[in-house]
Amino acid sequence: MPVQLTLYGPTVSTFTRICAIVAAEAGVAWEIIPTGSGSKEMAEHHPFMRSPAAYIDDLHFYETPAICSYLDRAHNGGALHPVSPEGQARMWQWANVAAHYVFPITEERLVLPRVVAPLMGRAPDEKLIADALPVIRYHLGVVETRLQDAAFLAGADYSLADSFMYPVIEATCAAPEGAAMVADLPALKAWLEALRQRPAIRETAWPDTSQMV
Ligand SMILES: N[C@@H](CCC(=O)N[C@@H](CS)C(=O)NCC(=O)O)C(=O)O
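Residues numbered from 1 in each chain as written. Predicted model: local features only at pLDDT ≥ 70, side-chain atom pairs only at ≥ 80, totals over all residues.

**Re the domain arrangement of the chain**
Many analyses report the size of an interface as the accessible area lost when the parts associate.
Next, step 1: In terms of domains, the chain is made up of domain 1 (5-75) and domain 2 (85-204).
Next, step 2: Distance between the C-alpha centres of domain 1 and domain 2: 20 Å.
Next, step 3: Every contact between the two is made by 11 residues of domain 1 and, on the other side, 15 residues of domain 2.
Next, step 4: Secondary-structure elements contributing two or more residues to the side of domain 1 that touches domain 2 are helix 1 (14-26) and helix 3 (64-75).
Next, step 5: If you tally residues by element for the side of domain 1 that touches domain 2, the top one is helix 1, at 8 residues.
Next, step 6: Of the residues assigned to the side of domain 1 that touches domain 2, the class counts are 7 nonpolar, 1 polar and 3 charged. (Domains from an automatic or database assignment. Contact = placed C-beta atoms within 7 Å. Helix = DSSP H or I, 4+ residues; strand = E, 2+ residues; numbered from the N terminus. Nonpolar A, V, L, I, M, F, W, Y, C, P; charged D, E, K, R; others polar.)

Okay, structure coming up:
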């Protein structure tokens, strides 16, 4: 199938993966042109140099919610957007929880220091990690409570919100502390295992989660 979506971003990147997952859900053939966040090359595609930037249907987008919303509405009949106003609101609520609360702390204060720093020959900042763990436990507990009430984050059906949260939780599990926390949260663990069966999650698997950047 010819490539329909070109993403610029690191090969292993949470937000780039979110877009790839939604593309795969929509049956859109995608590719990633490896491009470092913050690089001169990235500035050619994203004025704020974040990852990813997307090209599709002769259009250029940046910001993951915009990219995913377009992909799902233009190429998937909006199947990942709940129909009801409440469902759509819940979807954006949980997508924002993933992007603005769970991602920043798990990425900056667990995945980067615990998983990525040693790969670069640096010792993990143990205090940074230790101070973050109770906050991360709290964040994951909030997600657990939601998933005790609903099969998916927006409600009964898989939505963009789950596509946002999945790579954040998978990356968190690349750190032993994160994996141990998730193992103790039955609803989150069951949700994670269910999502791992989805073809779109499998097709977009990171080459090696221990190389998170
Ligand atoms: N608001 C952006 C956030 C994207 C983002 O933070 N991407 C990460 C990579 S996963 C990044 O570019 N990090 C580099 C940085 O924060 O400077 C979006 O929705 O796409």
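**What to know about the pairing of strand 1 (residues 5-9)**
Next, step 1: Within strand 1, 4 of the 5 residues are buried, leaving the element largely enclosed by the surrounding structure.
Next, step 2: Both strand 1 and strand 2 (residues 30-34) contribute to a ladder of 5 bridges, which runs parallel. For Gly 9, the partnering residue across the bridge sits in strand 2 and is Pro 34.
Next, step 3: For the crossover from strand 1 across helix 1 to strand 2, the handedness is right-handed.
Next, step 4: Two strands pair when backbone bridges link them, and strand 1 and strand 3 (residues 53-56) are joined in this way by 4 bridges, in the antiparallel orientation. Directly across from Leu 7, in strand 3, lies its bridge partner Ala 54. (Buried ≥ 20, exposed ≤ 12 C-beta atoms within 10 Å, placed from the backbone. Pairing = 2+ DSSP bridges. Right-handed = clockwise from strand over helix to strand, strands pointing away.)

**Quick notes on the site of the ligand**
Next, step 1: For the ligand, the full set of nearby residues is Ser 13, Thr 14, Phe 15, Ser 37, Gly 38, Arg 50, Ser 51, Glu 63, Thr 64 and Ala 99.
Next, step 2: For the shell around the ligand, the per-class residue count stands at 2 nonpolar, 6 polar and 2 charged. (Near = placed C-beta within 6 Å.)

**A few points about the environment of Tyr 62**
Next, step 1: Within the fold, Tyr 62 resides in strand 4 (residues 59-62).
Next, step 2: Along the primary structure Tyr 62 and Met 49 are separated by 13 residues, whereas in three dimensions their C-alpha atoms are 9.7 Å apart.
Next, step 3: Contacts of Tyr 62, omitting those with residues within four sequence positions, involve His 46 and Ala 53.

**Brief notes about the packing of helix 6 (residues 160-173) against helix 7 (residues 176-183)**
Next, step 1: Put simply, helix 6 and helix 7 touch, their axes get as near as 6 Å, and they point 115° apart. Across the interface between the two elements, Ile 169, Thr 172 and Cys 173 of helix 6 pack against Gly 178, Ala 179 and Val 182 of helix 7.
Next, step 2: A per-class count over the contact of helix 6 with helix 7 returns 4 nonpolar, 2 polar and no charged. (Axes fitted to C-alpha atoms, helices over the stretch in contact; angles between N-to-C directions.)

**Structural notes on the sheet that holds strand 4**
Next, step 1: Taken in spatial order, the 4 strands of this open sheet run 2-1-3-4, and their pairing is mixed. Lying at the two open borders of the sheet, with one neighbouring strand each, are strand 2 and strand 4. Geometrically, the sheet is characterised by an average inter-axis angle of 20° between neighbouring strands, direction not taken into account.
Next, step 2: Sheet contacts for helix 1: strand 1, strand 2 and strand 3; angle to strand 1, the most-contacted strand, approximately 170°.

**Thoughts on the packing of helix 5 (residues 126-149) against helix 7**
Next, step 1: Running from amino to carboxyl end, helix 5 crosses helix 7 at an angle of 35°, the nearest separation of the two axes being 11 Å. Here helix 5 runs over helix 7; the crossing is right-handed. Of the residues in helix 7, those in contact with Leu 133, Ile 136, Arg 137 and Leu 140 of helix 5 are Glu 177, Met 181 and Val 182.
Next, step 2: Residue composition of the contact of helix 5 with helix 7, grouped by class: 5 nonpolar, no polar and 2 charged. (Left-handed = near helix turned anticlockwise from the far one by under 90°.)

**A look at the environment of Ala 95**
Next, step 1: Examined against the element boundaries, Ala 95 turns out to sit in helix 4 (residues 85-119).
Next, step 2: Along the sequence, Ala 95 and Thr 172 sit 77 residues apart, while their C-alpha atoms lie 16 Å from each other.
Next, step 3: Sequence-distant contacts of Ala 95, that is, excluding residues within four places in its chain, are made with Pro 65, Leu 160, Ala 161 and Phe 164.

**Some points on unusual backbone geometry**
Next, step 1: Between Ser 51 and Pro 52 the backbone carries a cis peptide bond, its omega angle lying at 0°.
Next, step 2: Here Pro 52 lies in the loop between helix 2 (40-43) and strand 3.
Next, step 3: The backbone of Asp 57 shows a phi angle near 55°, a positive value even though the residue is not glycine.
Next, step 4: As for its position among the elements, Asp 57 is in the loop between strand 3 and strand 4.

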